[in-house]
Amino acid sequence: MTERFDCHHCEDSLFGRKYILREERPYCVACFEALFASTCEECGKLIGCDCKDLSYKDRHWHEACFHCSRCRGSLVDKPFAAKEDQLLCTDCYSQEYSSRCQECKKSIMPGTRKMEYKGSSWHETCFICHRCQQPIGTKSFIPKDGQNFCVPCYERQYALQCVQCKKPITSGGVTYREQPWHRECFVCTACKKPLSGQRFTSRDEFAYCLGCFCDLYAKKCAGCASPISGLGGTKYISFEERQWHNDCFNCKKCSLSLVGRGFLTERDDILCPDCGKDI
């Protein structure tokens, strides 16, 4: 007795008929297409066993239906792009959707590298330094007057030069006597501590922190022997080549403040009239 060879689904005999194996099970053509064939996205018909099934992201087309949604040209074996469920050839996609290069004004084709900055796009080969004409790529750059410059070219052409070290100032900086300085170069002439953001003064056009200026140049108070800076509205009393802080100008005996009062002197001391009447 001959062994049976039937369609796994409808159980009709497959002897002398075309069939398709799926997972080692035989199916007649009709059952296979009804159960497993994909539906073409374009024409809505089944893609039969005798047709080539072209697929993209779980969508299927007959070979003859796989064309550009705009110009209707075939996309078989050609590059294409997808936009809002539509397939487009690269020419149609670039005309309709691709950004244009800021430099050469040509479309930037899908799949090619592009550089973007503040809403503008460039071909990678068009994104170059305006001065040296070398590609910038992923390196740092500085925009100026609508042009892009690599950092070395920008510094050579535009950056201010620090009066101290003679190198370009690329960020921040300090202006003193109408001359530019790096923050780290603007230091006290004496102690070399940075002066940026600190109170300072100058002598003979040299800048000093308040501490160094007082130590080097300020007069000493005859009362406490500490420097009298005279800065920031500091008040002091001067008499016969001697100076006092306002708070130190007191009677030697009773410590009464003599600011705005009459006083007497005894050698190096100052006295109020009451304490000095017995002199």
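Residues numbered from 1 in each chain as written. Predicted model: local features only at pLDDT ≥ 70, side-chain atom pairs only at ≥ 80, totals over all residues. Heavy atoms only, no water.

## Here's the deal with the domain arrangement of the chain
Reasoning step 1: For the chain, the assigned domains are domain 1 (96-158), domain 2 (161-217) and domain 3 (221-278).
Reasoning step 2: Each of domain 1 and domain 3 has a C-alpha centre, and these two points are 71 Å apart. (Domains from an automatic or database assignment.)

## Description of the environment of Cys 209
Reasoning step 1: Looking at the element boundaries, Cys 209 is found in strand β16 (residues 206-209).
Reasoning step 2: The exposure class of Cys 209 is buried, given its relative accessible area of 17%.
Reasoning step 3: Note: C-alpha distance between Cys 209 and Cys 7 (202 residues apart in sequence) is 99 Å.
Reasoning step 4: Sequence-distant contacts of Cys 209, defined by excluding residues within four places in its chain, comprise Cys 188, Cys 191, Leu 195, Arg 199 and Phe 200. (Helix = DSSP H or I, 4+ residues; strand = E, 2+ residues; numbered from the N terminus. Buried < 20%, exposed > 50% of the residue type's maximum accessible area, 1.4 Å probe, protein only. Contact = heavy atoms within 4.5 Å.)

## A word on the pattern of salt bridges
Reasoning step 1: Applying the stated criterion to the full structure yields five salt bridges.
Reasoning step 2: Lys 114 serves as the salt-bridge partner of Glu 116, at 3.3 Å between the closest nitrogen and oxygen.
Reasoning step 3: Overall, the relative accessible area of 38% leaves Lys 114 in the partly exposed class. (Salt bridge = Lys/Arg side-chain N within 4 Å of Asp/Glu carboxyl O.)

## Structural notes on the environment of Glu 124
Reasoning step 1: Mapped onto the secondary structure, Glu 124 falls in the loop between β8 (120-123) and β9 (141-144).
Reasoning step 2: Assessed through its relative accessible area of 30%, Glu 124 is described here as partly exposed.
Reasoning step 3: The sequence separation of Glu 124 and Asn 246 amounts to 122 residues, and the corresponding C-alpha distance is 71 Å.
Reasoning step 4: Those residues in contact with Glu 124, other than ones at most four positions away along the chain, are Arg 113, Lys 114 and Met 115.

## Focus on the pairing of strand β10 (residues 147-150)
Reasoning step 1: Direction of pairing for β9 relative to β10: antiparallel, over a ladder of four bridges. Residue pairing for β10: Ile 142 is matched across the bridge by Phe 149.
Reasoning step 2: Hairpin connection of β9 to β10: two residues between the antiparallel strands, including Asp 145 at a positive phi of 55 degrees. (Pairing = 2+ DSSP bridges.)

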